[in-house]
Structure formats: structure tokens, C-alpha cells
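Overview (structure and organization)
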Amino acid sequence: MGGGSRALTDLLDQAKARPQALDEDARTTLLSLEDPDELAALFAAARELKERYCGRTVALRGIIEAGNVCVKDCRYCGIRRSNANLERYTLTADDIVRLARLDARLGYASLVIQSGEIEGETHTAFIEDVLRRIAPLDLGVTLSLGEQTEETYRRWRQAGAVRYLLRIETSNPDLYARIHPADHDWNRRVACLAALRRCDYQVGTGVMCGLPGQTIRDLARDIGFFAEIDADMIGMGPFIPHPDTPLGDEPMDAKRRLSLGLRMIAVTRLHLHDVNIAAATALQALAPDGREQGVRAGANVVMPNITDTKFRRSYQLYAHKPCLDENAALCRGCLERRLQAIGETIAYGQRGDSLHYRTRAKK
Ligand code: 5AD
Ligand code: FES
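Residue positions within a chain follow its written sequence, with the count starting from 1. All chains are assigned letters beginning with A, and all ligands numbers beginning with 1, in the order in which they are written. The model is predicted, so local features are restricted to residues of pLDDT at least 70 and side-chain atom pairs to those at 80 or more, both for listing and for counting; the totals for chains, interfaces and linings are taken over all residues. Side-chain measures here rest on the full set of heavy atoms in the structure, leaving out hydrogens and waters.

1. Let's talk about the overall build of the protein
Applied cut-off: Runs of E in the DSSP output that reach at least two residues are strands. Runs of H or I that reach at least four are helices, and both are numbered from the N terminus. As a reference, a globule follows 2.2 Å times the number of residues to the power 0.38, and the radius of gyration itself is taken over C-alpha atoms. Working definition: with a 1.4 Å probe on protein chains only, accessible area under 20% of the residue-type maximum means buried, over 50% means exposed, and in between means partly exposed. Two residues qualify as a contact provided that any one of their heavy atoms is within 4.5 Å of a heavy atom in the partner residue. All accessible-area figures derive from a Shrake-Rupley calculation using a 1.4 Å probe, and residue coverage is judged against the displayed protein chains alone. Positive charges are assigned to Lys and Arg, negative charges to Asp and Glu, while His and the chain termini are left out of the count. Taken as the charge centre is NZ of Lys, CZ of Arg, CG of Asp or CD of Glu, depending on the residue.
When helices and strands are tallied, the protein shows 15 helices and 11 strands. The C-alpha atoms of the protein give a radius of gyration of 19 Å, which matches the 21 Å a tight globule of 363 residues would have. With the principal axes as the frame, the protein shows a C-alpha extent of 60 × 45 × 40 Å. Within the protein, the proportion of its 363 residues that are buried is 58%. Once local pairs closer than 6 in sequence are excluded, the contacts in the protein between residues at least 24 apart make up 75%. With the model as given, the accessible surface of the protein reaches about 14,800 Å², and the carbon-plus-sulfur share is 50%. Computed over 50 positive and 49 negative side-chain charges, the separation of the two mean positions in the protein equals 4 Å.

2. Observations concerning helix H5 (residues 121-134)
Let me state the cut-off plainly: To estimate how far a helix should reach, multiply one less than its number of residues by 1.5 Å. Here the arc refers to the set of directions running from the helix axis out to each C-beta atom.
The end-to-end C-alpha distance of H5 is 20 Å, a good match for the 20 Å that 14 residues give at a rise of 1.5 Å each. Within H5 the residues assigned to the buried category are His123, Thr124, Ile127, Glu128, Val130, Leu131 and Ile134. Down the axis of H5, the buried side of the element spans an arc of 160 degrees, and every buried residue falls inside it.

3. Some details on the nonpolar core
Applicable threshold: Think of a nonpolar core as a cluster: buried Ala, Val, Leu, Ile, Met, Phe, Trp, Tyr and Cys residues, connected wherever their side-chain atoms sit within 4.5 Å.
Core analysis: the biggest nonpolar cluster contains 108 residues, and Leu30, Leu42, Leu143, Tyr201 and Leu270 have the highest contact counts within it. Not counting the four nearest positions on each side in its chain, Leu270 is found in contact with Leu12, Ala15, Lys16, Leu22, Leu30, Leu42, Ala45, Ala46 and Leu49.

4. Notes on the pairing of strand S6 (residues 202-205)
Let me state the cut-off plainly: Strand pairing is defined by DSSP finding a minimum of two bridges between the two strands.
The alternating pattern of S6 places Gln202 and Gly204 and Val203 and Thr205 on opposite faces, both of which are buried. Direction of pairing for strand S5 (residues 163-165) relative to S6: parallel, over a ladder of 3 bridges. What sits directly across from Tyr164, in S6, is Val203. With 2 bridges joining them, S6 and strand S8 (residues 233-238) adopt parallel strand pairing. Within S8, the position partnered with Gly204 by the bridge is Met233.

5. A short note on the site of ligand 1
As a reminder, the rule being used: We call a residue near a molecule or strand when any one of its heavy atoms sits within 4 Å of it. Side-chain atoms alone can form a polar contact between residues adjacent in sequence; in general such a contact is a pair of N or O atoms within 3.5 Å, and within protein one must be able to donate a hydrogen while the other accepts it. Think of it as three bins: nonpolar holds Ala, Val, Leu, Ile, Met, Phe, Trp, Tyr, Cys and Pro, charged holds Asp, Glu, Lys and Arg, and polar takes everything else, Gly as well.
Around ligand 1, the neighbouring residues are Tyr76, Cys77, Gln114, Arg167, Glu169, Met208, Pro238, Phe239, Ile240, Leu317 and Tyr318. For ligand 1, an oxygen atom lies 2.5 Å from a polar atom in the side chain of Glu169. Leu317 has a polar backbone atom sitting 3.5 Å from a nitrogen atom of ligand 1. Its free accessible area being 400 Å², ligand 1 has 87% of it covered by the protein chains. Here the shell around ligand 1 is built from residues that sort into 8 nonpolar, 1 polar and 2 charged.

6. Looking at the packing of aromatic side chains
The way to describe two aromatic rings as a pair is by their centre distance and the angle between their planes. Applicable threshold: Between the rings of Phe, Tyr and Trp (Trp by its six-membered ring), a pair exists once the centres lie within 6.5 Å; its type follows the angle of the planes, with under 30 degrees stacked, over 60 edge-to-face, and the other angles tilted.
All told, the structure shown has 5 aromatic pairs when counted by the stated rule. Here Tyr89 and Phe311 contribute two aromatic rings whose centre-to-centre distance is 4.6 Å and whose plane-to-plane angle is 20 degrees, an arrangement assigned as stacked. Residue Tyr89 is found in the loop between strand S2 (62-67) and helix H4 (93-106), and its partner Phe311 is found in helix H13 (residues 309-312); the two are separated by 222 residues along the sequence. Just as Tyr89 is buried, Phe311 falls in that class too. Between Trp186 and Phe225, the aromatic rings sit 6.4 Å apart at their centres with planes inclined by 55 degrees, giving tilted as the arrangement. Residue Trp186 is found in helix H8 (residues 186-198), and its partner Phe225 is found in helix H9 (residues 216-228); the two are separated by 39 residues along the sequence.

7. Quick look at the side chain of Thr124
Within the secondary structure, Thr124 sits in helix H5. Excluding residues within four positions of it along the chain, Thr124 makes contact with Thr152, Arg155 and Trp156.

8. Some thoughts on the packing of helix H2 (residues 24-31) against helix H10 (residues 254-272)
Note the cut-off: In this analysis, axes come from line fits to C-alpha atoms, helices being fitted only over the stretch in contact, and the angle between any two N-to-C directions falls in the range 0 to 180 degrees. Helix crossings fall into two classes, left-handed where the near helix is turned counterclockwise from the far one by less than a right angle and right-handed where it is turned clockwise.
Interhelical geometry of H2 versus H10 gives an angle of 145 degrees and a closest axis separation of 9 Å. The handedness of the crossing between H2 and H10 is right-handed. Contacts from Arg27, Leu30 and Leu31 of H2 reach H10 at Arg263, Met264, Val267, Leu270 and His271. The class makeup of the residues in the contact of H2 with H10 is 5 nonpolar, 1 polar and 2 charged.

This is the structure in C-alpha cells:
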């Protein structure tokens, strides 16, 4: 073993010993690893930590893509307002309640309701009604419905939602400004994350990696940002250019993007220890076993799509979205086999709350 490897072993040991032991330079070093042996050591250390906190289990949450109407115009996203090349749909409350029951029957015990961003009383009341109707199912309900007022967040929390995902997309405000139109405000996003915390959600955030102009140092700072806001859950994925968007012509090197996504998962696990980390579906868009690779790099949550297949083509945030034709039952069987193959069992019937949140709540 060469000196470089010894330095790496020391760094990984230091990271495993306590949370937030890696400074920005150390995170940059780890995110920059390329050597296969060193990468194997990085992923093994991260997975060891995942096992320390979550065992050899993975929590599943069914994801319901409740609608693709969106007021935002993010320059990377396939359902951006200006994309006329897709049919817009909105599920009814009955649809969502039916899918929530399906989620419960599948044994996932948690679900995510995600949609394009819509603000206003009608939408707030609609989601509130849905939440009250699914409350008796006793699922861990996560919302991913974008930027809202604190009042709306509070109403949804009171109606039964317990987790909220709002990716910061990048912690670098200049980069944020380059990948969004001028009226999209990084500061509002940060304020929303603070409001979610005040409303006592388990707060999830995350970034895309491999954005045009993004550096490894940006990513190292992103992980610092997660620590700073004391995030409970992290959802990160590689940026995948969507042809019908302004960033659609960015070069696509699936291998590199996948590798970067995996390194981000591993270094995030090593820095934050007890948070929930999702192996994003975007990983699966880059390799059939992308999510399993994510789990092997330290993720402990997978979010299978349970939306009716007829809507899935209309909800493509990025190119190469997987599972367009596989219904919820097929995906469940598929995931079970895939996770079993890497020695993990599915935590059926468990809500899989963020340990980090529970520990903070006890303090
Ligand atoms: N590639 C990867 N992820 C994307 N998202 C949106 N567009 C893309 C893309 N082209 C992610 C964003 C958003 C989440 C719901 O989907 O990070 O927060
Ligand atoms: Fe959908 Fe494998 S998870 S087919």
C-alpha cells in the first residue's frame, strides 16, 4: 500500500470517527478520487457508516407524481413552464388517495407526493384535503411541492405531512443564477428551508451534480451547506440533460455523471453520518443498477415510482427516465431482487424516519 493510500485510510478513519470531521479541502480530495481501488475504499467506508446507522436495510417510499403543471422555468427541467412539448396533467384527490392505499398495500409505509410547483389557496387546500384523507393510512408522508409560504407549509404539516424535500439544487448562488431565469431566487429557497425547519418537518434537501460550470469545490461546499442547515434527509442526483430544455445540449457522459453522483453520496454519508440519503432515480437513468450502486456508496432510501404508467411519460424531468412502463407491482419485485443481490433487505412496514431528526428532537 503506497503513502497515498495510507493518507486516504487516515482520512476515512477520521470521517468515520465522528460526524462533520471533514473540512472543505478533505471533502474536495475525496470527491476528486478516480483510482478504482481508492474509490472502492471510499464507498466501503461510506457503506460501513450506512450500516452502523441503518443496518443492512433500505427504506422504500413510493413516489406519486401528482401533476406536471409548473410555474417555474428552471433551465434544466423537462417540465419547465416553457416546454410545450408535453401534455400537462393533474391527478385528482381520489387518484392520489388510491395510490396512497396502493403504497400502504405494497408495505412501503412511507410515500412522497411530488409535483410541479403551484402556489395559491386552491392548491394549498387541495393538498390539505388529500393529506387529511390519507392520514388514516398512517404512512410517513413526504411532500416535494416546491417553494411555498410558511403558512402553507404549516397547514400541510398540521394536515399530516412529516417530511419535506426541497433541493437547494446548488449551494452556489452564482451557479444557481446561471441555471435559472432571473426571477428564481436562491435566497427564497434558503428561506423556505428555514421555514420548513420551524414548522418541524424532517427537512430534506440536495443538489444536482455535474451541472454546467459546477466545480468539485462547489460540491464540497454543497455538503457543507447540508451540514450548516442541519438537514435530515439528502436527495442528490446527477444532472441529466433533457433535450427540450435550454441546457439540453450539454455533453452527456453517463459514466462520469454516475461516478460523480456516487462520490457525492459517499462523501455526504461520511460527513453527515445519520441522515437519510436517497439513491435517486436519476442514477438508474445512467445505469440499470444505478440505485444499487448508490446504496453500495452509502444511500439508505430508494423511491420507486408508483404513479400510474399512463402519466409517467409526461413527468420526465430529465432524459432516459427509467420504469416508464413498469407498474408499481413490477417495480416492487424488481427492487426486491436487486437489493437482495447486494445483500440488503427492504424495511417493509417501517416508516424509516430520519435518525438525525429523531436524535435532534430528543435534545
Ligand atoms: N437532471 C437531473 N435532475 C433534475 N431535476 C430536475 N431536472 C433535472 C435534470 N435535468 C431534479 C431537481 C429537482 C428534482 C425534483 O429533480 O433537482 O429538485
Ligand atoms: Fe421499476 Fe426495476 S424498479 S422495473
